[in-house]
Each structure stands twice: as structure tokens, then as C-alpha cells.
Amino acid sequence: MPCPPGLYVDVALPLPPPRTFTYRVPDALRAQARPGARVLVPFGSRERIGWIDRVSDPATIGDPEKVKPILGVLDGAPSVTPAVLRLCRWIAGYYLSPLGQVIRTALPAGLTDSSTDYLQLTGDPAPGRDLGQQELKLVEWLRGRDGPQAVARLRREMGDRVWWPTIRRLEEIGLVRVMTEGPRVEPPVRTRRVLRVRELPSLLERDRIFARAARQREAFETVEAMGGAADVPHLVNELGFTYTILNALVKKEVADIAEEEVSRDPYAGVEAGAAPQHRPTPAQTSVIRRLVEATRTEKPGTFLLRGVTGSGKTLVYIELLREVVERQGKTAIVLVPEIALTPQTVGRFKAVFGDRVAVLHSALSDGERYDEWRSLRSGEKRIVVGARSAIFAPLPDLGAIVVDEEHESSYKQGEAPRYHAREVAVVRATIEGAVCLLGSATPSLESWANAQAGKYTLLELPERVGGQPMPPIRIVDLRAERKRQRDSSGPMQDRGPVILSDLLVTAIGQRIARGEQTILLLNRRGYANFVQCRECGMVWQCPNCNVSLTYHRRRARLTCHYCLHEEPSPGHCAACGSKDLSFKGVGTEQVERTVAETFPSARIARMDVDTTSGKWSHHEILGRVERREVDILMGTQMIAKGLDFPNVTLVGVINADVGINLPDFRATERTFQLMTQVAGRAGRGPKGGEVFIQTALPTHYAVAAATEHDFVTFAEKELETRREPRYPPFTRLVNVVVSGLEEEATQEAATAAGEWVAGLLESRRVRDVTLTGPAPSPIDRIRGRWRWHFLLRSDHADTLGKVSRFFWERWHPRSPKAADIRVIIDRDPVQLL
Ligand code: ADP
Ligand code: ZN
Ligand code: ZN
């Protein structure tokens, strides 16, 4: 076939099909139609936004007559920079995602929908000018309105048909002006109604004030746990407290309600020079020197910085950025697991680099996010600090990428595209010739293996800054403790689980007496993990998921942590009618209660998903800890990350075994990381510190290694367990999850998919990919969907990628019942549950 005349391009659309689509570029748009440009194209009967991937290969164009034209190019400059576009292509290829969906993830929300285009009438049609019917309609519509009008509104009012050719014609003859705008920035100040509670230090006083008003007490304690203040609408609409209850608190003078300004971005006001500027220690200096040398070479490579907790990794990051940004005039990306949980780290970057830092956090409005994106794109801001998606920042001339706490699983996105920001960081740094620095006290075994193999350069900070010792860790054997407590209490005593061992109680008491602070970790929310009938053994289960429901005492509700299903807490067994119910498996709520009863005068704060629903509630709670307004901070893994409070001299792990037995190959690694990280919060100041780990598995190698602060031994032992059956880092993994509304159809579809893959491996003689399964997923029903999965393993990323891609592009469920079957392909999964 002769090469078709004109220019054709492949356009990536944010739609599920695993491909791009070919369009013709009208001559008038040729100059703007470059790769990365945002374009409007006809698709089916609608218009859609997409991005130009590349000029089409003439061989793929087919019948040029049938190829539709692009309707418009929407921005002056391409909206995706060439470097980010290359990165997106890599992600689309590696993680098996449509390129359009990857690009949509990479851009701020406002740039991915058409609500950003506005039209304005700029003149009157000259008499006798013959306009088409649709052109006349548009002119009439615009004439009836004031000022610029959103194209989205035009569609709403005049019908969702193909408008852009009309708009372009009117633009050409000078009747209409087209403007592209970012989404509106929210007004700077908004207010909200906030209920603030006052401190009620003693339990006795509480008992007196609330006597028989249990709901009032619940409301009070809920707000208390949320950091002392909460939105009134949130309390009423989401937590179910009535205005009568809230007003009663005000009447009793234990709370007040006021209009408060919505807390603005707490980083906006951080001034340069707010934090002390340290001189690097010799150990830091040598690490910094290695990194700086690397930045001056053509291919700086990837470095793994293993620095124990408190070794001063942040200062290394800062000095690296000083070199790259200040001396070399380049730009840098810093990834942190979650902004709200790491206010101190973020604050240190702001303190040193001030206005040159953009902090991308989840509480930004679309408009604010878009503004930050633009200021990064223009080079006005030189550094971005943010969670996962900040890896897509449109920074020109990138010099360094830092991934702090590189082992964190939150770097992996749970929905498509299922990318891992740490791996993407390594790829982006390589593409752009930047240095990549991965930092952690407990590196992921993947990165550790890469360092051992010489793919990454290992840098180490084996000691804490200033020769501060690592805190001693003591193991409390929960089995022995339970026996002891049982024997010493009378037979009539309640035989509940051990929450606080005597040792831990004594240690906490000493801290309170000395005005020092304690952190208590329990990685399980709610009050009780599950509810069981003592008579018939029934366990309350979620109707949508195959998991037990968690009992939340304050709200008197059973909740599913997977699908958020809620029901009132039961008074009797639904199966046998018995009222003898037991609430098993201690959660944070119960720990809080026990701690409050044991230390009635202590000031306690709890931080977990249930107490931090407000945008900045983490910030508020951590601020109170920093100002020493809290004696005991307790919570889930949220409190284990990066916090640096010198007055914390005691850390207690309530139960180290939570999670260690989950049917997931990373369960042990996670447990070790969590224990090490939380232990690392203790003894950061001159007063030193100590750690108690309560466990029923005192001889488990993860517990033993954490006790010795011995990452290397842990890694060796854990790697042994990954050899057979083979798991990462010894092999590459793809988890294929097939889900559906009906159990049988799901099983059939998964079996068919597995057989298809087996047939493919057989017929193509692929020997280096193995198939395991299909089998039901460990949690075989979530949100009403049955789940089956199978694993593909290979030592060769390329082959594994090809096989997975072949499956993704070619296999479709066939049975008539298959309409609701969904297939998820998760490459390098962080969990298999
Ligand atoms: P890590 O992230 O490795 O756990 P941090 O970066 O939080 O450790 O540093 C621990 C503490 O040591 C912080 O309070 C930090 O301000 C302090 N620090 C870091 N480097 C130095 C230094 N060279 N001199 C004095 N204090 C330092
Ligand atoms: Zn029962
Ligand atoms: Zn559920």
C-alpha cells in the first residue's frame, strides 16, 4: 500500500484497551501536534481527551480513508514533557497498563478533563456571512451568556456531540476565542464548624461528668482521640452523633463549638532557617562525598543508603540536594511514603530550601496541585517533595531523585497502573542521567539483593549521630506473662488477653513520673479484631468479603476494613440466640482504654485511620506530641515512620505477632521492618531510651534480629525462606487475579485463563516462566467479588513481560456468564492477599 499522505499519529486514550489509536493530523494543527500534546479526538460518538504518543508507523495505519482527524490540540506547549512521556511509556510497557491511563495518573487532575476549555464570543458575524447551522447555534448560545463559557457547559446544555470542528471554524474566522485554563483555585480562606474538647485528665472526673450519658462520653472521647478537635458535620454525618449530644457537651462546658478557618497548608508558612543547620559528621561526609562525585559523572547510577534509625539520613539528602540544586543548577525529586506522617522530614527540606520546594500532598485542591505542577514545569520551583505520584513531576533538568524509607509498600499503587514508585524512580533517574538515592534503615530485600549484586552502590551509616547508642530492646514473652498474671489474680478475675505486661506498666509509669514520653504500637485498628459466639462458635463475617468484622467500641459498630461495610454491634448471636459473645483480638481502641484506665492522669493520643479522618489531623496530633502535650502516643504503623522526638524514651510494641502469620510471603519482612522502625523512635535524645517488644514468638528470627538491631542477619535468614518456593528477590513475579460476582463463573474463568497461559507456555516452548495455580486468593471474596489468582514466575523480566502482555492483549473470558469477570495483572506485587 502506498504511504498515506499527511501526518498520522498514535493517540493514547485513558481507556482500558491495551493499545493506542491512530488519527490524522489536519494541516492546520501540524505545528502543535507533537508527542505529549493533549488532543481532542472523536471516539465512537463522543469526543475524548488523549495525548499524542508518537508519529504512526505507516505500516499500521490501514485504510487512510477510515482514519478520523484530530479535532484540536489543547495546550500551547505539550502537556507531557518528553522525559515524562518516555517514563510513561516504560510504565505502560512494564506494568501492562494502557498508556493513556498512565499519562492520566502522571498529570494533575485538571489537565485530564475537558472542563478546562473556555469559549468567548469576540465579534458579530458580518451580515451575509454564511454560517452553517451548527455554527449559528453556537454563536447564538454564546451570545445569550456573559463572558467565557466552559466547553463542558456547552455540552451539558446543547448536547454531547462533536463540537470542536465548529469551534475551530469560528475561531478561524475570528468570531470565537478559545482559552485553556487550569481548574479554579479555591478561595484562600474557608471556614468550618469545629467542636473542640477541653482536657479531662482523670477517669474519675469523666465518670462524674458523664455518669449515665454514655453517648456523650463516646462523642467526647472520639473527638479527644482525633486530636481534640473535629468537624461538626463530620461528627454528625459520618460518625452518627446528634446535635443534641454535641450541644450537651457544650452545656457541660467540656467542649465548645466555633467557626474556624480551615487549616491551610501547614507547609506554606514554614520559613527558611527555621531548623538547626548541622555540620555533617565524618560518616555523613564520606557518604555525601560519594554521592556528589557521582552527580558529576555521566551515569551517576543508583545508591542504596542503609542507615540505622537516627543516623541522620535526612541531612545526607539535604546535602545532596544542595549540590545538585544550588551548585549545579539542576532540579530534584524527594519521595516520602506519606506526607502527613512525615511532617518533620518535609519541614527540614522547607527550612533549607524555602520557596524553591513544592510540597505535593493529598490535601491540596485540584487547583493548588495544578499551580504547583506549573511552577515545577516552568522551573520556578526546583525541588518537589511528595508521595508516590511526585515521581511524575515535570521538572526540567533533573539531577537527583531521593526515595526515603524505600522499603515502604505504599510506594506501590494499588490500582492501575500498578507501578512501584521506587522502581520508577530508578528508571527515571537512568533516563535523565540523574543520581538515584534509596534510603532506609530496613531496605527492601529487592534493593538489598541489588546492592549485594553490585547493581546498586551500597552506602552505610551504621551508627546514630553523635555516638548515641541504639536503644536496648527487651522481649516480653506474652505466654509466660499471661500465665503469671492468671496465677497471681484470683479465679474470679477476667481472663482477657495481656495488653500491658507488668514490665511495660512499670516502664510507662516511670516515664510519666519523669515527664518523658512513650510510644505504643499495635498494628490493628478497632477494639476487637473479631466477635465470636461462645455458645456455637459463630464468627461475625462481612456479607461482602470473606473476612471477620472488627468491633469498634466507641461507635458501637462492626466494621469491615476491606469494604467499609458497617452494622450495629450485636446483642446476641444470630445463629443460636446466645448472649454470651466474646470480643477477641486486641485492637488500638482497647489498648487506649486499658492505658487510660491504668494511667488515669496521663495525656494520651491515638493515631490510626479512625482518628485521622480530617485533612491535617495527623499534623495536629504530632504537633501536640512535639510540644510535649502528650505523654503517651499510641497507634498503628502510622506512628512508626520517620518521627524524631528526643523526649520519647520508651517504645512499647503491644503485640509483635500481629501480621506475622498472614498468608503472604512478605509478612515476616513487614513485621521486622515495623519493629525496627518503631524501636528507632526511642532514645533519639540525650536521655537515651529503651524498647519493649511483647510477643508470643520470642524465638522467631524476625523478633530476635529486631532485638539485636541486626538487619543483615535478618536479611540472610529471610532470603533463605524465599529460595524455595521461589519468591522475589530470587525471581520475578506477576500475580493475575480473576474476580467475578459468581463463585462458579469466577472459578471457571480463572481455570480457563490458567489453561490458556499453560497452553501458551507449552506451544511456544517457553521454559523459563512457570505457572502456579489457579487457586482461590487468600482472601477469596472482597466487596462482593469472588477472587481467584495464579502466579507467573520467571528469572527473566523480559520473558515474563512478554508472556504477561500476550495474556493481557489476547485472553478474554468467554463463558456467557463472564460479563462481570475482571482480570487484574499485578507485576511485582507487594502482597498477594
Ligand atoms: P534518620 O532519618 O536516619 O532516622 P534523622 O535524619 O531523623 O535520622 O536524624 C536524626 C537526628 O539527628 C535529627 O534530630 C537530626 O537533626 C540530627 N542530626 C542529623 N545529622 C546531624 C549532625 N551532623 N549533627 C548533629 N545532629 C544531627
Ligand atoms: Zn451462637
Ligand atoms: Zn467487607
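Residues numbered from 1 in each chain as written. Chains lettered and ligands numbered in written order. Predicted model: local features only at pLDDT ≥ 70, side-chain atom pairs only at ≥ 80, totals over all residues. Heavy atoms only, no water.

Caption draft 1: Quick peek at the sheet that holds strand S19 (residues 473-477). Across the sheet, 6 strands lie side by side as S19-S29-S28-S20-S27-S26; this open sheet has parallel pairing. Every other strand in the sheet has two partners, leaving S19 and strand S26 (604-607) as the edge strands with one partner each. Across the sheet, the axes of successive neighbouring strands diverge by a mean angle of 15°, strand direction being ignored. For strand S28 (residues 648-653) and strand S29 (residues 690-695), the ladder comprises 4 bridges, and the chain directions are parallel. Directly across from Gly652, in S29, lies its bridge partner Phe692. (Pairing = 2+ DSSP bridges. Helix = DSSP H or I, 4+ residues; strand = E, 2+ residues; numbered from the N terminus. Axes fitted to C-alpha atoms, helices over the stretch in contact; angles between N-to-C directions.)

Caption draft 2: Layout of helix H19 (residues 617-626). Counting buried positions along H19 gives 7 out of 10 residues, so the element sits mostly inside the fold. Along H19, the residues that are buried comprise Ser617, His618, Ile621, Leu622, Gly623, Arg624 and Val625. Buried residues in H19 make contact with helix H7 (214-225), helix H12 (343-353), strand S20 (517-521), S26 and strand S27 (632-635). Once H19 ends, the next one or two residues include Arg628, with phi positive near 60°. (Buried < 20%, exposed > 50% of the residue type's maximum accessible area, 1.4 Å probe, protein only. Contact = heavy atoms within 4.5 Å.)

Caption draft 3: View of the packing of helix H1 (residues 82-94) against helix H14 (residues 421-432). Packing of H1 against H14 brings their axes to within 10 Å, and their N-to-C directions diverge by 135°. One finds that H1 runs oblique with respect to H14. You can see that H1 and H14 cross each other, and the crossing is right-handed. Contacts between H1 and H14 involve Ala83, Val84, Arg86, Leu87, Trp90 and Ile91 from the former and Val424, Val427, Arg428, Ile431 and Glu432 from the latter. By residue class, the composition of the contact of H1 with H14 is 8 nonpolar, no polar and 3 charged. (Parallel < 35°, antiparallel > 145°, perpendicular 65-115°, else oblique. Left-handed = near helix turned anticlockwise from the far one by under 90°. Nonpolar A, V, L, I, M, F, W, Y, C, P; charged D, E, K, R; others polar.)

Caption draft 4: Here's a closer look at the coordination of the zinc ion (ligand 2). For the zinc ion (ligand 2), the full set of protein donor atoms is Cys533 (SG), Cys536 (SG), Cys573 (SG) and Cys576 (SG), at a range of 2.3 to 2.4 Å. For the zinc ion (ligand 2), the 4 donor atoms are set out with angles of 104 to 113° between them, so the coordination reads as tetrahedral. Donor residues for the zinc ion (ligand 2), ordered by position in the chain, follow C-x2-C-x36-C-x2-C. Taken together, the residues span a long stretch of sequence, with Cys536 in the loop between strand S21 (528-533) and strand S22 (550-552) and Cys576 in the loop between strand S24 (566-568) and strand S25 (581-586) at a distance of 40 residues. Look at Cys536 and you get partly exposed, because its relative accessible area is 41%. Owing to a relative accessible area of 38%, Cys576 belongs among the partly exposed residues under this scheme. (Donors = N, O, S within 2.8 Å, 3.2 Å for Na, K, Ca; no water. Tetrahedral: all angles 85-135°; square planar, octahedral: opposite > 155°, others 65-115°.)

Caption draft 5: Focus on the packing of helix H6 (residues 203-210) against H7. Contact geometry for H6 and H7: axes closest at 10 Å, N-to-C directions at 140°. Taken as axis vectors, H6 and H7 run oblique relative to one another. The residues of H7 that touch H6, namely those facing Leu203, Arg206, Asp207 and Phe210, are Gln216, Arg217, Phe220, Glu221 and Glu224. Each residue belonging to the contact of H6 with H7 can be placed in one class, and the counts come to 3 nonpolar, 1 polar and 5 charged.

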